[in-house]
Amino acid sequence: MTAGSTLVMPEVYPEQGIYLVEGQLMVEDQLLMPHQMLINKASAPLTLRALTDTRVMLLGGEPLDGERIQWWNFVSSSQERIEQAKTAWINNQFLPVPGETEFIPLPDH
């Protein structure tokens, strides 16, 4: 979006997200800064106004089939699977990220 432009998000999906990659964006009366995401579950139309030249990603879709559990970098629909992921992480069973050599231990809980 160019500075000063506006966009009304289409009401296509019941859940929508706005992720700001770069720039400054007003979403209704809320300022969004780079690397922030705003989730719109109300399905009400939102007006976006670019305060600067802006790169933004718009997301949308149907709601998930249930609640999700998040712990550190792990997200699942079951606590059991989160515990399995913790064990796999400790035992270095995840595929490495290309170019990454540092191992980050699980946070204390």
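To be clear, the structure that these remarks concern was listed above.
Cut-offs used in this document
Residues numbered from 1 in each chain as written. Predicted model: local features only at pLDDT ≥ 70, side-chain atom pairs only at ≥ 80, totals over all residues. Heavy atoms only, no water. Helix = DSSP H or I, 4+ residues; strand = E, 2+ residues; numbered from the N terminus. Rg over C-alpha atoms; globule rule 2.2 N^0.38 Å. Buried < 20%, exposed > 50% of the residue type's maximum accessible area, 1.4 Å probe, protein only. Contact = heavy atoms within 4.5 Å. Areas by Shrake-Rupley, 256 points an atom, 1.4 Å probe, with all protein chains shown as cover. Lys, Arg positive; Asp, Glu negative; His and termini not counted. Charge placed at Lys NZ, Arg CZ, Asp CG, Glu CD. Core = buried A, V, L, I, M, F, W, Y, C linked by side-chain atoms within 4.5 Å. Pairing = 2+ DSSP bridges. Axes fitted to C-alpha atoms, helices over the stretch in contact; angles between N-to-C directions. Patch = residues over 30% accessible without salt bridge, like charges linked within 9 Å, V, L, I, M, F, W, Y side chains within 5 Å. Salt bridge = Lys/Arg side-chain N within 4 Å of Asp/Glu carboxyl O.

Participant: Help me understand the overall build of the protein chain, please; the structure alone is not making it clear to me.
Facilitator: Helices and strands together make up the secondary structure of the protein chain, namely one helix and nine strands. Its C-alpha atoms give the protein chain a radius of gyration of 18 Å, clearly above 13 Å, the size a compact globule of 109 residues would have. With the principal axes as the frame, the protein chain shows a C-alpha extent of 50 × 35 × 25 Å. The buried share of the protein chain, taken over its 109 residues, is 23%. Pairs at least 24 apart in sequence give 53% of the contacts found in the protein chain among residues at least 6 apart. Working note: accessible area of the protein chain is about 7,900 Å², and carbon and sulfur atoms make up 53% of it. When the 6 positive and 14 negative side-chain charges of the protein chain are each reduced to one mean point, those points stand 1 Å apart.

Participant: It is not clear to me how the nonpolar core should be interpreted in this structure. Could you clarify?
Facilitator: Considering soluble globular proteins, one finds that nonpolar side chains tend to be buried as a cluster. In this structure, Met9, Ile18, Leu20, Leu25, Val27, Leu32, Leu38, Leu46, Leu48 and Ala50 together form the largest nonpolar core, which totals ten residues. Mapped onto this core, the elements with two or more residues apiece are strand 2 (15–22), strand 3 (25–27) and strand 6 (47–50). Core analysis: the second largest hydrophobic core is formed by five residues, Trp71, Phe74, Ala85 and Leu106 among them.

Participant: I keep staring at the sheet that holds strand 3 and nothing clicks. Help me out?
Facilitator: Backbone hydrogen bonds hold the strands of a sheet together, and the pairing may be parallel or antiparallel. The strand order across the open sheet built from four strands is 1-6-3-4, with neighbouring strands paired in antiparallel fashion. Each edge of the open sheet is held by one strand with a lone partner, namely strand 1 (6–8) and strand 4 (30–32). For this sheet, the mean angle separating the axes of adjacent strands, direction not counted, is 25 degrees. Here three bridges tie strand 3 to strand 4, and the two strands are oriented antiparallel to one another. Within strand 4, the position partnered with Val27 by the bridge is Gln30.

Participant: Whenever I open this one, a nonpolar patch on the surface confuses me. Can you help?
Facilitator: Side chains of Val21, Met37, Ile39, Met57 and Leu59 sit close together on the surface and give an oily, nonpolar patch of about 400 Å² of accessible area. Residue assignment for the nonpolar patch shows that the elements contributing at least two residues are strand 5 (37–40) and strand 7 (55–61). Its place among the elements puts Ile39 in strand 5.

Participant: Is there a simple way to explain unusual backbone geometry in this structure?
Facilitator: Most peptide bonds take the trans form, and the phi angle of most residues other than glycine is negative. You will see that His35, though not glycine, has its phi angle at about 70 degrees, which is positive. Mapped onto the elements, His35 comes out in the loop between strand 4 and strand 5. Here the phi dihedral of Trp72 falls at roughly 55 degrees; this positive angle occurs in a residue that is not glycine. Judged by its relative accessible area of 25%, Trp72 falls in the partly exposed class.

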